[in-house]
Amino acid sequence: MPHTSSYPETTRLLAAELIEKRYSHGLRSLLLMLLASLPMVLGLSLAQEIGHLQIIVITIALTLTGFGYWLLHRGHYQWTSYLLVYSLIGLSAAGMLAYGSARSALLLGFVGAVIAAGMMQGKKSLISAVVISALVLGLLSWVEQAGLLVKPDFEVDLRFWLVNVLLLTGIAGSVYTSRQVVLRALREQHAELRRREKAEDELRLSEDRFSRIFRNSPAAIIVQDLEAMTVLDVNPAFERLWGYSREESIGGTDAHLWNDLAARKAFQRQMAATGRAINLPLEGRRKDGSLISALLSTEIEGRGQGRIVVSTITDATAETQARLAARQSAELFSKAFDFSPIDMAITRVSDGTYLAVNAVEGRLNGYAAAELVGRRSVDTGGWRDKAERQKFIDTLRQQGRVEGLETQLRHKDGRLIDCRMWAVILEIGGEPCVLSSTINVTEQKRREALLIDIAKGLSGETGEAFFQSMVQHLGRAVEADLVMVGETTDGQSVSSLALLQNGVLQPNITYALAGTPCDMAVSQSDLCVYGNGLQQVFPQDQFLIDADYQAYAGVALRDADNTPIGIVNAFWRKPQSRSADRDALMQIFASRITAELVRLRRDREILRLNETLEQRINERTEQLRATNAELESFGYSVSHDLQSPLRSIEGFSVLLARRLKGRLSDEEQRLFDRIRLNVVRMHELINDLLALARVSKGKLVLEDVDLSVMAQQVVLQERQRDPRRPVQVTIQPGIRGRCDSKLARIILENLIGNAWKYSRQRSEATIEFGLLPAREGGRKMLFVRDNGAGFNMEYADSLFKPFHRLHHDTEFEGSGIGLATVHRILERHGGLIRGESSEGQGACFYFSFDPRVAAAAA
């Protein structure tokens, strides 16, 4: 807030200074005029030889005028004005004494002195000048009346005129100067008044702006009395931040806003010492009890007793939390970095200088952390050359990170180490740096190479060559002196399938299991391992003693029912410590050898079965033919034998209906009608069964058939049966096929008849018979398509089963035998059929004949 000041006093002093400057100009002009005129008066006096006393007075006047001008030139305005006033009084009195009368023109000197005192000095000087002038004139009048003066000379001459002109000119100059000073002072006061009005307008505008800023400021502002720290005002931002309304805050103190009163006292001490505070951290408590982190900036405004404290409070809760989160994040990063078991480093992007290195034990490049910090990665052999590092940096800049980079770093001793690197760019102090993590994959690479070698051994070969390859690769992988793959024969002995000793394949052998480590391996479900002292554990195994084998590893080969069928063995002449990698390799090889051994044993069984397979197939074929013939004969006989009783039922029901004609109720008549309808339905089913049986019997007569013409004949037959129904039929011409013409007609009658039947609810029914342009599996595919009712494809598997229907009898009549008959005919031809549809969108049946299969079936 602005400081208060004595504006009127300053204005008065400035005005006095301006008036003094204006009078000093007039006084200087008057003195210059006297300095120019008094010498002339002195010269005339000397020329006329007047009295010595008058000459002395004129000389003193000239001297005092010169001295006064010197004082004024030195800036002593007040002393000069005093000198002028009292010199005029004194010289006028002296002149009257010299003249001899108080009634001379020198009386104007006293008038000029009084006027000068009034214009250039204050009230006291004016009174003093009037009093002194009156006393001097009174004294002179008494002296003249007493006759003590010389005889006056009333002679008028040039000197007399000149003296009076000087006095009148001085008085006129003083009056004019006073008038000009007064006018100029009035103008300046008027201008000052205008300036003050403008300043007051600006002050009001400033106060209005300050009020707007105070009310609309996003920062919380509180105004307090300095002495008692009483709250004078708060802005809306303060109300939002702390939760206290303006009415609740005004009149109270700020003590309840502080969470720590000791911090408030420290703040008050700082204000008393410095008078201000900038961004002082503050932990406050809101009205709802929640804590807030803020920055407090405070300054004391005003002077004297009415000083106030203006404080701005900025909510720093989010910033404080962010700093805390950043500090925690930095702490977590530091701990993760320092305690990570992986090699981690931070280097500069520009030159690769190590800025930080974690203290991992056994660093892969052989350097300690202290040896790397401050050195460049290229200099320490971290990269093979600068070009390789630059390529890495370019990739890192393009992608922002590098994950799983396969590379080689140079060890302290000069050897190259295979490693895998992860890196990301981050900024530290405004400079881009690289945070990298590196792991040693040398051993992993060795294992991968070993696994590749194993994979080569596990693929490509079969039979005896496979087992020989297995023992060679396994021997190199586990560095064994002897490796053998064997097959158990009678549960008591093992016959080797491949044997490798000292890196050379040996002839196969057979040996007994009893008393050997192989016997223990066969009896265990997992790997059997003896790292040392093998001969002491199996002293009866002469083979171990002769070859001086000290260590052994073996695993049984088992089939699907967990029966031992073989074994994989490895022997060493030197003791071997337990190795997880070696155990895993033994299991891997055992798993692959088991699969091959199972395949080999099954091939043997297949070869044995194949020797009797043809005879058993012929026997089974004859049995199937006889069974099929019996089933077809039975079906035909049943269907034929059912006709006679069915015709009897039909005849008797008709005869009974005639005899009871007119005597049956409506319900009884409905029952007789149902009997006759079901008899007709039964006839149709029997006829369909007979048709199905007939298509399964007899020999196929294959010939070249024009299927397009045959389809036209079927369509004509349907039109004759239903002449009033408009159906648009499209038949592709020139479709021919090699098939049995009678059976082919049955196929078309069923498929086209179904299309005719299931599209009858369409006002514009369409049926199409054609040939697909492309073959499917080498077959020519024919189709019959309609836009009828269609069917749900979920039930497509039931389409070709006898008596399975996808529509109710009330919708479409039928027995469910038609498509089964078509399917059976096409099976006899070696063909196939499938249906595609969508409910309400029609159906399409695709089918084909295969003459090659048909010839075999015939």
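Rules used throughout
- Residues numbered from 1 in each chain as written.
- Predicted model: local features only at pLDDT ≥ 70, side-chain atom pairs only at ≥ 80, totals over all residues.
- Heavy atoms only, no water.
- Helix = DSSP H or I, 4+ residues; strand = E, 2+ residues; numbered from the N terminus.
- Buried < 20%, exposed > 50% of the residue type's maximum accessible area, 1.4 Å probe, protein only.
- Contact = heavy atoms within 4.5 Å.
- Areas by Shrake-Rupley, 256 points an atom, 1.4 Å probe, with all protein chains shown as cover.
- Phe/Tyr/Trp six-rings, centres within 6.5 Å; stacked < 30°, edge-to-face > 60°.
- Lys NZ or Arg CZ within 6 Å of the ring centre and 35° of its normal.
- Pairing = 2+ DSSP bridges.
- Axes fitted to C-alpha atoms, helices over the stretch in contact; angles between N-to-C directions.
- Core = buried A, V, L, I, M, F, W, Y, C linked by side-chain atoms within 4.5 Å.
- Patch = residues over 30% accessible without salt bridge, like charges linked within 9 Å, V, L, I, M, F, W, Y side chains within 5 Å.
- Salt bridge = Lys/Arg side-chain N within 4 Å of Asp/Glu carboxyl O.
- Parallel < 35°, antiparallel > 145°, perpendicular 65-115°, else oblique.
- Left-handed = near helix turned anticlockwise from the far one by under 90°.
- Nonpolar A, V, L, I, M, F, W, Y, C, P; charged D, E, K, R; others polar.
- Expected span 1.5 Å × (residues − 1).
- Arc of directions from axis to C-beta.

## Re the overall build of the chain
- Across its full length, the chain holds 23 helices and 24 strands.
- Residues classed as buried in the chain amount to 39% of the 858 residues present.
- Of all intrachain contacts in the chain linking residues separated by at least 6 positions in sequence, the fraction that spans at least 24 positions is 56%.
- Surface summary for the chain: the accessible area is close to 49300 Å², and the carbon and sulfur share equals 56%.

## Regarding helix 22 (residues 818-828)
- Of all 11 residues making up helix 22, 8 are buried, and the element is well covered by its neighbours.
- Residues of helix 22 that are buried include every one of Gly818, Leu819, Ala820, Thr821, Val822, Ile825, Leu826 and Arg828, and no others.
- Immediately downstream of helix 22, the backbone of Gly830 shows phi near 75°, a positive value.

## Notes on the packing of aromatic side chains
- The final tally for this structure, using the stated rule, is 11 aromatic pairs.
- A centroid spacing of 5.6 Å and a plane angle of 35° characterise the contact between Trp258 and Phe267, whose relative ring orientation is tilted. A single burial state applies to Trp258 and to Phe267, both of which are buried.
- Seen in terms of ring centroids, Tyr552 and Phe571 are 5.0 Å apart; in terms of plane orientation they differ by 55°. Their pairing is tilted. Of the two residues, Tyr552 sits in strand 16 (residues 551-558) while Phe571 sits in strand 17 (residues 564-572), which places them 19 residues apart along the sequence.
- The class for Tyr552 is buried, based on a relative accessible area of 1%.
- Grouped by ring-pair contacts, the aromatic residues Phe543, Tyr549, Tyr552 and Phe571 constitute a single cluster.
- Of note, Arg582 hangs over the ring of Trp572, and the distance from its end group to the ring centre comes to 5.2 Å.

## So, the sheet that holds strand 5 (residues 308-315)
- An order of 2-1-5-4-3 is seen for the 5 strands of this open sheet, with the pairing classed as antiparallel. Strands at the two margins of the open sheet, each flanked by one partner only, are strand 2 (231-234) and strand 3 (276-285). Neighbour-to-neighbour, the strand axes of this sheet turn through a mean angle of 25°, independent of strand direction.
- Here 3 bridges tie strand 1 (residues 220-225) to strand 2, and the two strands are oriented antiparallel to one another. Bridge assignment links Ile222 to a residue of strand 2, and that residue is Val234.
- Sheet strands touched by helix 9 (residues 261-274): strand 3, strand 4 (291-301) and strand 5. Its angle to strand 3, the strand with the most contacts, is close to 170°.

## Digging into the environment of Leu396
- Assignment of secondary structure puts Leu396 in helix 12 (residues 386-399).
- Exposure remark for Leu396: the relative accessible area of 0% places this residue in the buried category.
- Residues Leu396 and Val349, 47 residues apart in the sequence, show an inter-C-alpha distance of 9.9 Å.
- In this structure Leu396 touches Arg401, Val402, Ala423, Val424, Ile425 and Val434, once residues within four positions along its chain are discounted.

## Brief notes about the sheet that holds strand 8 (residues 401-410)
- Pairing in this open sheet of 5 strands is antiparallel, and the strands run 7-6-10-9-8 from one edge to the other. Both edges of this open sheet fall to strand 7 (354-357) and strand 8, since each of them pairs with a single strand only. The mean angle between the axes of side-by-side strands here comes to 30°, regardless of whether they run parallel or antiparallel.
- In the sheet, strand 6 (residues 343-348) pairs with strand 10 (residues 431-440) via 6 bridges, with the strands oriented antiparallel. Following the sheet pairing, Asp343 is matched in strand 10 by Thr438.
- Seen against the sheet, helix 12 touches strand 6, strand 8, strand 9 (416-428) and strand 10 and runs at an angle of roughly 175° to strand 8.

## Looking at the nonpolar core
- By size, the foremost hydrophobic cluster in this structure holds 37 residues, and its most contacted members are Leu707, Phe769, Phe845 and Phe847.
- The leading source of residues in this core is helix 21 (residues 741-758), at 8 residues.
- When near neighbours in sequence (up to four residues on either side) are disregarded, Phe845 contacts Leu751, Leu782, Phe783, Val784, Phe791, Leu799, Phe800, Leu819, Ile833, Arg834 and Gly835.
- Formed by 30 residues, the second largest nonpolar core is a distinct cluster that contains Ala498, Ala553, Met586 and Val598.

## Quick word on a nonpolar patch on the surface
- Residues Ile127, Val131 and Leu135 make up a contiguous nonpolar surface patch of about 280 Å² in total accessible area.
- With respect to the helices and strands, Leu135 occurs in helix 5 (residues 123-145).

## A short note on the packing of helix 20 (residues 707-721) against helix 21
- Where helix 20 meets helix 21, the closest approach of the two axes is 9 Å, and the angle between their N-to-C directions is 50°. Judged by the inter-axis angle, helix 20 sits oblique to helix 21. Between helix 20 and helix 21 the crossing geometry is right-handed. Residues Leu707, Met710, Ala711, Gln713, Val714, Val715, Gln717, Glu718 and Arg719 of helix 20 touch helix 21, and the partners they reach there are Ser741, Ala744, Arg745, Leu748, Glu749, Ile752, Gly753 and Trp756.
- Residues belonging to the contact of helix 20 with helix 21 are distributed by class as follows: 9 nonpolar, 4 polar and 4 charged.

## Quick look at helix 12
- Its 14 residues give helix 12 an end-to-end C-alpha distance of 20 Å, which sits within 8% of 20 Å, the value for a rise of 1.5 Å per residue.
- Looking only at helix 12, the buried set comprises Glu388, Arg389, Phe392, Ile393 and Leu396. The buried side chains of helix 12 occupy one side of the element, clustering within an arc of 140° when seen end-on. Exposed residues pointing more than 90 degrees away from the buried face of helix 12 are listed as Lys386, Ala387, Lys391, Arg397 and Gln398.
- Check the buried side of helix 12 and you find it contacts strand 6, strand 8, strand 9 and strand 10.
- Directly beyond the C-terminal end of helix 12, a positive phi value near 85° is found at Gly400.

## Here we look at the pairing of strand 8
- Note: strand 8 against strand 9, 8 bridges, orientation antiparallel. Paired with Glu406 across the strands is Arg420, a residue of strand 9.
- Connecting strand 8 to the next strand, strand 9, in antiparallel fashion are 5 residues, including Gly414 with a positive phi near 105°.

## Brief notes about the pattern of salt bridges
- In total, this model carries 25 salt bridges according to the counting rule given.
- Asp254 is paired through a salt bridge with Arg264; the nearest N and O atoms lie 2.7 Å apart. A residue pair is termed long-range when its members are at least 10 positions apart, and Asp254 in the loop between helix 8 (246-249) and helix 9 and Arg264 in helix 9 qualify at 10 residues.
- Assessed through its relative accessible area of 13%, Arg264 is described here as buried.
- A salt bridge links Glu776 to Arg834, with the nearest nitrogen and oxygen atoms 3.0 Å apart. With Glu776 in the loop between strand 21 (765-771) and strand 22 (782-786) and Arg834 in strand 23 (residues 832-837), the pair connects residues that are 58 residues apart, well separated along the chain.

Worth remembering: the numbers are spatial, not functional.
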